[in-house]
Amino acid sequence: MSSVRVRFAPSPTGFLHIGGARTALFNFLYARHTGGTFVLRIEDTDQDRHVEEAVQVITDGLRWLGLDWDEGPDRGGPHGPYFQSQRKDIHRRYVQRLLDSKAAYEFEDKERGGTVIKFRMTREPVTVPDLICGNVTRPLNDTEMRDPDFVIVRSDGAPVFHLVNVVDDIEMRITHIIRGEDHLSNTPKHIALYRALGAEPPKFAHIPLILNADGSKMSKSDKGAALHEYINAGYAPEAVRNFLCLLGWSPKSDVEILSLDQMVERFDLPQVQRHNARFDQDKLHWMQGQYMMKLPPERFVELGRPFLAKAGLLEGQPEDYVRRVLAIVQGKPKLFSELPEWTVFFFREDFPTDAEAVAKTFGGQPQAWDLLEKLRGCFARVSDWTHTALDAALRDLAKSLGVKPAALIHPCRVAVSGKAIGPSLFHMLEVLGKNRVLQRLAAAREHLQFD
Ligand code: GLU
């Protein structure tokens, strides 16, 4: 294992922002690329309410994306689990050190009342050497010019973000801080704290922000900003992960579809771009479509099953049947949430029928019913119930009746599935099985109502 140690340090807000998910991914990829350690630290000191659920949102989100952490909540490990709120003694010890060395001092806050502890900030601008942004020196603003010192412990005794963040990074021997660019402006404070504590600052890599398609900054309330929206909508984690890795990082080739192994192999910080990344929903959707077609069948089943179960379609269904159904519909739905609608007729006799498809196929064409009846008779004589045999039988029948195969195929599809579109008809018939197909062809006239 290399000495690289990185961390994802989210605050449990009840929400995993897509930007946070990308920060986690970049940290994970860097750790795996360098053979280092990926730490998960929940920064829950500012939270007054119970955060268990909010932590769950984060850990569920990371697991969904396949981002396994090495140390952190419920991973035990030599240093875990890491909840900032459980490390108060450590934080207090460090504050005492700063007080002892006079790098910090008590201060009467007259406006708000009470005593706070302030850090004696250097009067010179601090340059942040950043692996992505280069050397960044921000001039002090007016308030900082007047008084650059800042509060590290509030009057209620609670240490602030800057302090606990730095102390934990020192204690956890973090070597690279990969985080959102919104923290770049905090970094001079952090570097000054490292120095005052006699610690070497880690390397910094601030990654660009994510923008909405219109160029505005993506904020919490924007549609599509929360990872769980993609989970619930039935995206494949592989697709979202692939999409996120390209938000601000470029593998320096035209290849856009990357497996996790390829990402790990190619990921490095110098290739993270400096300009902000635009969140292109169309590209995500395209990528999702690619994955939906190419996922290994067993993975397609694994991801699809929960959506069928939630729609109540799996009760009493043999596992093998479910697999065969999913194998033939793969490539049709673009999202797993669409799966029930593509497959309901495999699992229910009272499947919905598309009135338009029924009207188009049977409306004003009474011969369609006769053809369907003839097809039923023909299929009843097929003993080798395979898609090839069914295909051949239907074509033979069409020939002998002097009609086009389509004149049989369309009514048959609508009769057995209620729709005009779907997977290959003959594969569908094979999977549905002889009994079910014959029954549906017989009941079609009654089942397919239209005016
Ligand atoms: N808790 C901070 C956040 O969620 C962490 C910042 C950092 O990564 O240092 O923004």
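Everything discussed here concerns the structure shown above.
Parameters and conventions
- Residues numbered from 1 in each chain as written.
- Predicted model: local features only at pLDDT ≥ 70, side-chain atom pairs only at ≥ 80, totals over all residues.
- Heavy atoms only, no water.
- Helix = DSSP H or I, 4+ residues; strand = E, 2+ residues; numbered from the N terminus.
- Rg over C-alpha atoms; globule rule 2.2 N^0.38 Å.
- Buried < 20%, exposed > 50% of the residue type's maximum accessible area, 1.4 Å probe, protein only.
- Contact = heavy atoms within 4.5 Å.
- Areas by Shrake-Rupley, 256 points an atom, 1.4 Å probe, with all protein chains shown as cover.
- Pairing = 2+ DSSP bridges.
- Expected span 1.5 Å × (residues − 1).
- Axes fitted to C-alpha atoms, helices over the stretch in contact; angles between N-to-C directions.
- Parallel < 35°, antiparallel > 145°, perpendicular 65-115°, else oblique.
- Left-handed = near helix turned anticlockwise from the far one by under 90°.
- Nonpolar A, V, L, I, M, F, W, Y, C, P; charged D, E, K, R; others polar.
- Near = heavy atom within 4 Å.
- Polar contact = N/O pair within 3.5 Å; in protein donor to acceptor, adjacent residues only side chain to side chain.
- Phe/Tyr/Trp six-rings, centres within 6.5 Å; stacked < 30°, edge-to-face > 60°.
- Lys, Arg positive; Asp, Glu negative; His and termini not counted.
- Salt bridge = Lys/Arg side-chain N within 4 Å of Asp/Glu carboxyl O.

Enquirer: I keep staring at the overall build of the protein chain and nothing clicks. Help me out?
Expert: Check the secondary structure of the protein chain and you find 19 helices and 11 strands. Taking 22 Å as the expected radius of gyration for a compact globule of 451 residues, we find that the protein chain reaches 30 Å, considerably beyond that expectation. Summarising its shape, the C-alpha atoms of the protein chain cover approximately 100 × 45 × 40 Å along the three principal directions. Sorting the 451 residues of the protein chain into buried and exposed places 51% on the buried side. Within the protein chain, residue pairs in contact and separated by at least 24 positions form 74% of the contacts whose partners lie at least 6 positions apart. When the accessible surface of the protein chain is summed, it comes to about 21,600 Å², and 50% of that surface belongs to carbon and sulfur atoms.

Enquirer: What am I meant to see in the pairing of strand β1 (residues 5-8) here?
Expert: Here β1 shows a buried face lined by Arg5 and Arg7 and a second buried face lined by Val6 and Phe8. Relative to strand β2 (residues 37-40), β1 runs parallel, the two being bridged by four bridges. Bridging across to β2, Arg7 finds its partner in Val39.

Enquirer: How do you make sense of helix α1 (residues 18-34) when you look at a structure like this?
Expert: If you check α1, its first and last C-alpha atoms are 24 Å apart, about what 17 residues at 1.5 Å a residue would give, namely 24 Å. Counting buried positions along α1 gives 14 out of 17 residues, so the element sits mostly inside the fold. Of the residues flanking the end of α1, it is Gly35, one or two places downstream, whose phi is positive at about 70 degrees.

Enquirer: Mind showing me how you'd approach the packing of helix α15 (residues 367-380) against helix α16 (residues 387-401) here?
Expert: In a pair of packed helices, the angle between the axes and the distance between the axes together describe the arrangement. Contact geometry of α15 with α16 gives a least axis separation of 10 Å together with a crossing angle of 130 degrees. Here α16 runs oblique to α15, going by the angle between their axes. Considering only the axes of α15 and α16, their crossing is right-handed. On the side of α15, the interface is formed by Leu371, Lys374, Leu375, Cys378 and Phe379, while α16 contributes Leu390, Ala393, Leu394, Leu397 and Leu401. Here the residues of the contact of α15 with α16 are counted per class, giving nine nonpolar, no polar and one charged.

Enquirer: Whenever I open this one, the site of the ligand confuses me. Can you help?
Expert: The local shell around the ligand consists of Arg7, Ala9, Pro10, Ser11, Glu43, Phe161, Asn165, Arg179 and His183. Take Asn165: an N or O atom from its side chain is 3.0 Å from an oxygen atom of the ligand. The separation between an oxygen atom of the ligand and a polar side-chain atom of His183 is 2.7 Å. For the shell around the ligand, the per-class residue count stands at three nonpolar, three polar and three charged.

Enquirer: Would you take a moment to explain the sheet that holds strand β7 (residues 150-153) for this structure?
Expert: In sheet architecture, strand pairing relies on hydrogen bonds along the backbone and comes in two forms, parallel and antiparallel. Strands sit in the order β3-β4-β7 across an open sheet of three strands; the sheet is antiparallel. Each edge of the sheet is formed by a strand with only one pairing partner; in this case those strands are β3 (104-108) and β7. Direction aside, the axes of adjacent strands within the sheet are offset by 50 degrees on average. Bridging between β3 and strand β4 (residues 115-119) involves five bridges; their strand directions are antiparallel. Directly across from Glu108, in β4, lies its bridge partner Thr115. In this fold helix α3 (residues 88-100) packs onto β3, β4 and β7, with an angle of close to 90 degrees to the strand it touches most, β3.

Enquirer: What should I look at first to understand the packing of α1 against helix α8 (residues 237-245) in this one?
Expert: Running from N to C, α1 and α8 cross one another at 85 degrees; their axes reach a closest spacing of 9 Å. In this view, α1 runs roughly perpendicular relative to α8, as classed from their interaxial angle. For the pair α1 and α8, contact is made by Ile18, Ala21, Arg22, Leu25, Phe26 and Leu29 and by Arg241, Leu244 and Cys245, respectively.

Enquirer: For this particular structure, what's the right way to read the packing of aromatic side chains?
Expert: Any aromatic ring pair is given by two values, namely how distant the centres are and how the planes are angled relative to each other. As enumerated under the stated definition, the model contains 13 aromatic pairs in all. Here Phe243 and Phe279 contribute two aromatic rings whose centre-to-centre distance is 4.9 Å and whose plane-to-plane angle is 75 degrees, an arrangement assigned as edge-to-face. One end of the pair, Phe243, is in helix α8; the other, Phe279, is in the loop between β11 (277-278) and α10 (281-294), with 36 residues separating them in the sequence. Overall, the relative accessible area of 4% leaves Phe243 in the buried class. Residue classification places Phe279 among the buried residues on the basis of a relative accessible area of 4%. Between Phe300 and Phe336, the aromatic rings sit 5.2 Å apart at their centres with planes inclined by 45 degrees, giving tilted as the arrangement.

Enquirer: Would you mind showing me how to read the side chain of Lys419 here?
Expert: Structurally, the position occupied by Lys419 is in the loop between α17 (405-417) and α18 (425-432). One buried charged residue, Lys419, remains without a salt bridge, the closest side chain of opposite sign being Glu341 at 5.7 Å. A distance of 2.8 Å separates a polar atom in the side chain of Lys419 from the backbone oxygen of Glu341. The contact partners of Lys419, leaving out residues within four places of it in the chain, are Glu341, Trp342, Phe345, Asp354, Ala357, Arg413 and Val414.

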